[in-house]
Amino acid sequence: MRNGGVLFLKLGSEAAAKSFDLCFNLRDKIRNDDVIYCGIVNYLLSLDADVIIEIRKMQPEDEVLKEILDLTLRKLNGEDISEEINEMEYKEERDEMKMLLDMLSVCNEITYPIQKIKKIETTRLHKIITRLISWKSV
């Protein structure tokens, strides 16, 4: 399911969010890093606090995914994680992890007051899709 969501994101499809949400909602039945990956993407697209609460209870096996989860939580606490993201993007070879790092990078660039979350969610999705489309063509 993660691969399907990644494909939807690369194509710029809005079905990507639904795919990642569906995958994450299967976390009670499936316990693996794909569900955690989908949860992180789901959180970055939706800013749903319940998603991040559930992800914090999970333990990824993949070291890079552990670091990305840690960075996501640090970002949630208001830390600037730009340098760490850049270092990881440089080292990482897997496309799906680079894409997740790119999404986190976009989210790191956006700051917002809580009253404007709905407007920012649309802006965030647009920025993510735009960057992914340009990333795909590289």
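Every chain's residues receive numbers from 1 upward, in the order its sequence appears when written. Reporting in this predicted model follows two pLDDT cut-offs: at least 70 for local features of residues, and 80 or more for side-chain atom pairs to be given and counted; totals over whole chains, interfaces and linings ignore these cut-offs and use all residues. Processing note: side-chain calculations cover all non-hydrogen atoms of the structure and skip hydrogens and water entirely.

Before we move on, can you summarise the environment of Val 41 with the specific residues and values?
The topology assignment puts Val 41 in helix α3 (residues 33–46). Looking at Val 41, the relative accessible area reads 0%, which means it is buried. On a C-alpha basis, the gap between Val 41 and Asp 21 in space is 8.6 Å, while along the polypeptide they are 20 residues apart. Put simply, DSSP H or I for four residues or longer makes a helix, DSSP E for two residues or longer makes a strand, and each gets a number counted from the N terminus. For the exposure calls, accessible area comes from a 1.4 Å probe over protein chains only, and a residue counts as buried if that area is under 20% of its type's maximum, exposed if over 50%, partly exposed in between.

Describe in detail the pattern of salt bridges, supporting the description with residues and values.
In what follows, salt bridge is the name for a side-chain nitrogen of Lys or Arg lying within 4 Å of a carboxyl oxygen of Asp or Glu. All chains considered together, the criterion is met by 7 salt bridges. One salt bridge in this structure joins Glu 54 and Arg 27, with 3.4 Å as the shortest N-O distance. On the criterion of sequence distance, the pair formed by Glu 54 in helix α4 (residues 49–56) and Arg 27 in the loop between α2 (15–25) and α3 is long-range, its members being 27 residues apart. Assessed through its relative accessible area of 18%, Arg 27 is described here as buried. Of the charged contacts in the structure, one is a salt bridge between Arg 74 and Glu 84, with a shortest N-O distance of 2.7 Å. Separated by 10 residues along the polypeptide, Arg 74 in helix α5 (residues 63–76) and Glu 84 in helix α6 (residues 82–91) bring together distant segments of the chain. Judged by its relative accessible area of 25%, Glu 84 is partly exposed.

Explain the packing of α5 against α6 residue by residue, including any values.
Note on geometry: axes are C-alpha line fits, over the in-contact stretch for helices, and angles between N-to-C directions span 0 to 180 degrees. Closest axis-to-axis distance for the α5/α6 pair is 11 Å, and the angle between their directions is 160°. As judged from the angle between their axes, α5 and α6 are roughly antiparallel. Of the two elements, α5 crosses α6, and the hand of that crossing is left-handed. Contacts from Val 64, Glu 67, Ile 68, Leu 71 and Arg 74 in α5 reach Glu 84, Ile 85 and Met 88 in α6. Residues were grouped as follows: Ala, Val, Leu, Ile, Met, Phe, Trp, Tyr, Cys and Pro as nonpolar; Asp, Glu, Lys and Arg as charged; and all remaining residues, including Gly, as polar. Of the residues in the contact of α5 with α6, the class split is 5 nonpolar, no polar and 3 charged. Put simply, angles under 35 degrees are roughly parallel, angles over 145 are roughly antiparallel, angles from 65 to 115 are roughly perpendicular, and the rest are oblique. Left-handed describes a crossing whose near helix is turned anticlockwise from the far helix through less than a right angle; right-handed describes the clockwise counterpart. Contact between two residues is taken to exist if any of their heavy atoms lie within 4.5 Å; hydrogens are not considered.

Tell me about the packing of α3 against α5, and please be specific about residues and values.
At a minimum axis distance of 11 Å, the contact between α3 and α5 shows a crossing angle of 25°. Accordingly, the angle class assigned to the pair α3 and α5 is roughly parallel. Seen along the crossing, α3 lies across α5 with a hand that is left-handed. Counting all contacts with α3, which are made through Asp 33, Ile 36, Tyr 37, Ile 40, Tyr 43 and Leu 44, the residues of α5 involved are Leu 65, Ile 68, Leu 69, Thr 72 and Leu 76. Per-class residue counts for the contact of α3 with α5 are 9 nonpolar, 1 polar and 1 charged.

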